[in-house]
Amino acid sequence: QVQLVESGGGLVQAGGSLRLSCAATGRAFDKYIMAWFRQAPGKDREFVAATVSGAVYADSVKGRFTISRDNAKNMGYLQMNSLKPEDTAVYYCAAGSRIIDGGVSIRGYDYWGQGTQVTVSS
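Numbers given for residues are sequential positions, taken from 1 along each chain in its written order. Owing to the predicted nature of the model, reporting of local features is limited to residues with pLDDT of at least 70; listing and counting of side-chain atom pairs is limited to 80 or more, with chain, interface and lining totals taken over all residues. Hydrogens and water are ignored here; the side-chain numbers use all heavy atoms of the structure.

(A) Spotlight on the overall build of the protein chain. Helix numbering and strand numbering both begin at the N terminus, where a helix is a DSSP run of H or I of at least 4 residues and a strand a DSSP run of E of at least 2. Within the protein chain, the regular secondary structure consists of 0 helices and 11 strands. Counted from the first residue to the last, the protein chain has its helices and strands arranged as β-β-β-β-β-β-β-β-β-β-β. What the globule rule says is 2.2 Å times the number of residues to the power 0.38, and the radius of gyration is computed from C-alpha atoms. Taken over the C-alpha trace, the protein chain has a radius of gyration of 13 Å; the compact-globule value for 122 residues is 14 Å, and the two agree within 12%. Along the first, second and third principal axes, the C-alpha atoms of the protein chain reach 40 × 30 × 25 Å. Only protein chains enter the accessibility calculation, which uses a 1.4 Å probe; a residue is then buried when its area is under 20% of its type maximum, exposed when over 50%, and partly exposed in between. Counting over 122 residues, the protein chain shows a buried share of 45%. When checking whether two residues touch, look at their non-hydrogen atoms; a contact exists if any pair is within 4.5 Å. Of the contacts made within the protein chain by residues no fewer than 6 positions apart, 60% connect residues no fewer than 24 positions apart. Shrake-Rupley sampling with a 1.4 Å probe provides the accessible areas, and residues are treated as covered by the protein chains on show and by no other component. Carbon and sulfur atoms provide 48% of the accessible area of the protein chain, an area that totals close to 6,100 Å². By the counting rule applied here, Lys and Arg register as positive and Asp and Glu as negative, while His and the ends of each chain are not counted. In this description, the location of a charge corresponds to atom NZ of lysine, CZ of arginine, CG of aspartate or CD of glutamate. When the 13 positive and 10 negative side-chain charges of the protein chain are each reduced to one mean point, those points stand 3 Å apart.

(B) Layout of the side chain of Arg38. Among the secondary structure elements, Arg38 is positioned in strand β4 (residues 33-39). The class for Arg38 is buried, based on a relative accessible area of 5%. A distance of 2.6 Å separates a polar atom in the side chain of Arg38 from a polar atom in the side chain of Glu46. Polar contacts, as used here, are pairs of N or O atoms within 3.5 Å; protein pairs need one atom able to donate a hydrogen and one able to accept it. Residues neighboring in sequence count only if both atoms are side-chain atoms. Within the structure, Arg38 has its side chain in polar contact with the side chain of Asp87 (distance 2.9 Å). Beyond its immediate chain neighbours, meaning those up to four positions away, Arg38 contacts Asp44, Arg45, Glu46, Val48, Ser60, Val61, Phe65, Glu86, Asp87, Ala89, Val90 and Tyr91.

(C) Here's a closer look at the packing of aromatic side chains. Planes of paired rings set the category: under 30 degrees apart is stacked, over 60 is edge-to-face and the rest tilted, where pairs are Phe, Tyr or Trp rings (Trp by its six-membered ring) whose centres lie within 6.5 Å. Counting across every chain of the model gives 5 aromatic pairs. Taking the centre distance of 5.7 Å and the plane angle of 80° together, the rings of Phe37 and Phe47 count as edge-to-face. One end of the pair, Phe37, is in strand β4; the other, Phe47, is in strand β5 (residues 46-50), and 10 residues separate them in sequence. A centroid spacing of 6.4 Å and a plane angle of 70° characterise the contact between Tyr109 and Trp112, whose relative ring orientation is edge-to-face. Look at Tyr109 and you get buried, because its relative accessible area is 5%. Among the aromatic residues, those joined into a ring-pair cluster are Phe37, Phe47, Tyr109 and Trp112.

Remember that the coordinates give geometry; whether it matters functionally is a separate question.
Here it is as structure tokens:
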């Protein structure tokens, strides 16, 4: 079992930056793939980034977001730069042991945080 808690969300103007954190407790966090997903109102949860083959990103965030992790601290991070209003969503940290569709599929992740709201104003 792994428990995940996100933090770092908030309100930011377009062009600004935020850094999300994901604190993991429980069994060997370093054994799991870590990912970030997001869900905007009225939309399905969508893939953002994952620590697969180094790192993989959704096209919509490539070059602006950076995923990282510190296994010694049981922490994961998502650095978000050049934020756009369309990045507004609840962001979720996830952990899993199966790579499905290159880490993009939601089905590969067994553990989820409660989410943190990111709002980007224009």
